[in-house]
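Read off the chains here:
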Amino acid sequence: MDFELSEDQRAFRDTAREFAQREFAPHAAQWDAESIFPVEALRRAGELGFCGLYALEKYGGLGLPRLDASIVFEELAAACPSTTAYLTIHNMAAWMVTRFAKPEVAAEWGPRLASGELLGSYCLTEPGAGSDAGALSTRARKEGEHYVLDGAKAFISGAGATDALVVMARTGEAGPKGISAFLVAADSPGIEYGKKEHKMGWNSQPTRSIAFDGVRVPASHLLGEEGEGFAIAMKGLDGGRINIATCSVGAAQGALDAALAYLHERRQFGRPLADFQALQFKIADMATELVAARQMVRLAASKLDAGAADATMCCAMAKRLATDLGFSVCNEALQIHGGYGYIREYPLERYLRDSRVHQILEGTNEIMRVIIARRMLAEHTTETTR
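Residues numbered from 1 in each chain as written. Predicted model: local features only at pLDDT ≥ 70, side-chain atom pairs only at ≥ 80, totals over all residues. Heavy atoms only, no water.

Considerations on the overall build of the protein
The cut-off we apply is this: Secondary structure follows DSSP: runs of H or I at least 4 residues long count as helices, runs of E at least 2 residues long count as strands, and numbering of each begins at the N terminus. Buried means the residue's accessible area, taken with a 1.4 Å probe over protein chains only, is under 20% of the maximum for its type, while exposed means over 50%, and partly exposed covers the values in between. Whether two residues touch is decided by their heavy atoms; if any such pair falls within 4.5 Å, the residues are in contact.
A tally of helices and strands in the protein yields 11 helices and 10 strands. Dimensions of the protein, computed from the C-alpha atoms along their principal axes, are close to 80 × 60 × 40 Å. In the protein, which comprises 386 residues, the proportion classed as buried is 53%. For the protein, the share of sequence-separated contacts (at least 6 apart) that also reach a separation of at least 24 residues comes to 73%.

Take a look at the structure:
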């Protein structure tokens, strides 16, 4: 067990940190305040391979392990959690296309997604199917050489500003086994986008509903086989949970760095804040929680890379722990700043707003507990019946 980064991992980390400080940090506050989706910055990220970190190499991706990808995402999120979170979603979509699409479709779409020339959205959640994703009702019926999609998706990141949609739709029976996955061109006739949602955070990426009314999708754009969509979605979400957990770690690191600088700069009662033991204890707890969250995320990423039997449980653990602790660290960093932490001149309130939704998406933290508990109880039952 080696907790030190390899030479390659350090190089990825340093490149991502330099890029984030140059391309994200100077503009993140404006992107948030004006709800700007920074497409050009995302495409510049694509020039470094950051739009296809773990997409398959033969289709233009870097083919990195999830652990290495998490190191990159953490550095980017320390500058702008919102933009980085969208980038992780795009990476998941690009991976799904390069991993599950027919070779000719992957060859056409994969390199353009991995480079950032095209941007993607992931469409699973529906107005009536959130945590119970297996109950989704969007349907896809086969008509000759096409599938025809009808239904609606909700809370889709990037919707209305992206080029490719990975859509989960029902092709068969009720429940998870009747769900299939499709790659859909975002400008297909019959697609209608809802209003841009006004959100607490994540303002540098648009969020909209999507309606599908008789949308014709080439049969060749089926990802995997019919009935495999839910399994594909869950495989994507294991990695997605690591990604969002990593965004929380990055946001917390950015908030902690700001708090440390402020403790040395700010003086009260004739002394720098760093001299007060109560604040020293607070910083110590924040740093300890951040390290614990980071190590849990990296453990889960390593489990996923290794195909470990308990990888899904570890991804759920990492997502639950890191998003809860990350939000807590951001909140404590804001508290250290006092009134200054509450104004937009400082990044603390943005870190707090952006990280709050991490406890909800990619499966709520309550659902993470369900996943963990089911696995633990099943293992106990197996042990007792041996």
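Some remarks on the environment of Ile89
Here Ile89 shows up in helix H5 (residues 81–100). Ile89 sits in the buried class, given a relative accessible area of 8%. Separated by 151 residues in sequence, Ile89 and Gly240 place their C-alpha atoms 7.1 Å apart. The contact partners of Ile89, leaving out residues within four places of it in the chain, are Tyr122, Ser157, Trp202 and Gln205.

A word on the environment of Ser302
Within the secondary structure, Ser302 sits in helix H8 (residues 277–306). Counting along the chain gives 161 residues from Ser302 to Arg141, while the straight-line C-alpha distance between them is 39 Å.

Brief notes about the packing of aromatic side chains
When we look at a pair of aromatic rings, we describe it by the centre distance and by the angle of the planes. For the record, the criterion: Pairing of aromatic side chains here covers Phe, Tyr and the six-membered ring of Trp, requires ring centres within 6.5 Å, and sorts the geometry by plane angle: under 30 degrees stacked, over 60 edge-to-face, intermediate tilted.
Counting across every chain of the model gives 10 aromatic pairs. Aromatic side chains Phe19 and Phe50 sit 5.8 Å apart centroid to centroid with 85 degrees between the ring planes, which places their arrangement in the edge-to-face category. Here Phe19, found in helix H1 (residues 7–24), pairs with Phe50, found in the loop between helix H3 (39–47) and helix H4 (66–77); they are 31 residues apart in sequence, far enough to count as distant. We note that Phe19, like Phe50, is buried. A centroid spacing of 5.8 Å and a plane angle of 75 degrees characterise the contact between Phe24 and Trp31, whose relative ring orientation is edge-to-face. Of the two residues, Phe24 and Trp31, both sit in the buried class.

With respect to H8
Let me state the cut-off plainly: Helix span, as expected, comes to 1.5 Å for every residue beyond the first.
With 30 residues, H8 ought to run about 44 Å at 1.5 Å a step, and its terminal C-alpha atoms sit 43 Å apart, in line with that. Turning to H8, its buried residues are Leu279, Ile283, Met286, Leu290, Ala293, Arg294, Met296, Val297, Arg298, Ala300 and Ala301. Contact partners of the buried residues in H8: H4, helix H7 (229–265) and helix H9 (311–337). Phi for Gly307, located one or two positions after H8, is positive at around 65 degrees.

Concerning the nonpolar core
Threshold: Residues belong to a common nonpolar core when they are buried Ala, Val, Leu, Ile, Met, Phe, Trp, Tyr or Cys residues joined through side-chain atoms within 4.5 Å.
Counting residues in each nonpolar core, the largest one holds 62 residues, and the members touching the most others are Phe50, Leu76, Tyr122 and Met168. Looking at this core element by element, the count peaks at 11 residues for H5.

So, the pairing of strand S1 (residues 120–123)
Put simply, the rule is: At least two bridges found by DSSP between two strands is the condition for calling them paired.
Burial of the side chains of S1 extends over both faces: Gly120 and Tyr122 are buried on one face and Ser121 and Cys123 on the other. Here S1 pairs with strand S4 (residues 164–170) via four bridges, running parallel. Of the residues in S4, the one forming a bridge with Gly120 is Ala164.

Let's talk about unusual backbone geometry
Residue Phe155 is not a glycine yet carries a positive backbone phi of 55 degrees. Among the secondary structure elements, Phe155 is positioned in strand S3 (residues 146–157). Within the chain, Trp202 stands out as a residue other than glycine whose phi angle is a positive 50 degrees. In this fold, Trp202 is placed in the loop between strand S6 (191–193) and strand S7 (207–218). By relative accessible area, Trp202 is classed as buried at 5%.

Some words on the packing of H4 against H5
Think of two packed helices as two axes; the pair is described by the angle between the axes and how far apart they sit. Where we set the bar: Axis definition: a line fitted to C-alpha atoms, over the contacting stretch in the case of helices. Angles run 0 to 180 degrees between N-to-C directions. Working definition: roughly parallel below 35 degrees, roughly antiparallel above 145 degrees, roughly perpendicular at 65 to 115 degrees, and oblique for all remaining angles. Should the near helix be turned anticlockwise from the far one by less than a right angle, the crossing is termed left-handed; should it be turned clockwise, right-handed.
Where H4 contacts H5, the axes come no closer than 8 Å and their chain directions differ by 155 degrees. As the angle between them shows, H4 and H5 are arranged roughly antiparallel. As for how H4 packs across H5, the hand of that crossing is right-handed. Along its contact with H4, which presents Arg66, Phe73, Leu76 and Ala77, the element H5 presents Pro81, Thr84, Leu87, Thr88, Asn91 and Trp95.

Quick notes on the pairing of S3
Here strand S2 (residues 139–143) runs beside S3; their pairing, made up of five bridges, is antiparallel. Bridge pairing in S3 links Glu143 to His146. Taking the residues between adjacent antiparallel strands as the criterion, S2 and S3 are bridged by two residues, where Gly144 takes a positive phi near 65 degrees. The sheet contact formed by S3 and S7 spans 10 bridges and is antiparallel. Its bridge partner lying in S7, Ile156 is registered against Arg208.

Looking at the pattern of salt bridges
Quick note on the threshold: Salt-bridge detection follows one rule: a side-chain nitrogen of Lys or Arg within 4 Å of a carboxyl oxygen of Asp or Glu.
According to the stated counting rule, one finds 22 salt bridges in the structure shown. Residue Arg294 is joined to Glu74 by a salt bridge in which the shortest nitrogen-to-oxygen separation is 2.7 Å. With Arg294 in helix H8 and Glu74 in helix H4, the pair connects residues that are 220 residues apart, well separated along the chain. As far as burial versus exposure is concerned, Arg294 and Glu74 are alike and both buried. For the salt bridge of Arg353 with Glu349, the shortest nitrogen-to-oxygen distance reads 2.7 Å.

A word on the packing of H8 against H9
Basically, it comes down to this: Residue classes follow a fixed rule: Ala, Val, Leu, Ile, Met, Phe, Trp, Tyr, Cys and Pro count as nonpolar, while Asp, Glu, Lys and Arg count as charged, and any other residue, Gly among them, counts as polar.
Look at H8 against H9: their axes get within 8 Å of each other, and the N-to-C directions meet at 155 degrees. In terms of orientation, H8 lies roughly antiparallel with respect to H9. Handedness of the H8/H9 crossing: left-handed. Residues of the contact of H8 with H9, tallied by class, amount to 20 nonpolar, one polar and four charged.

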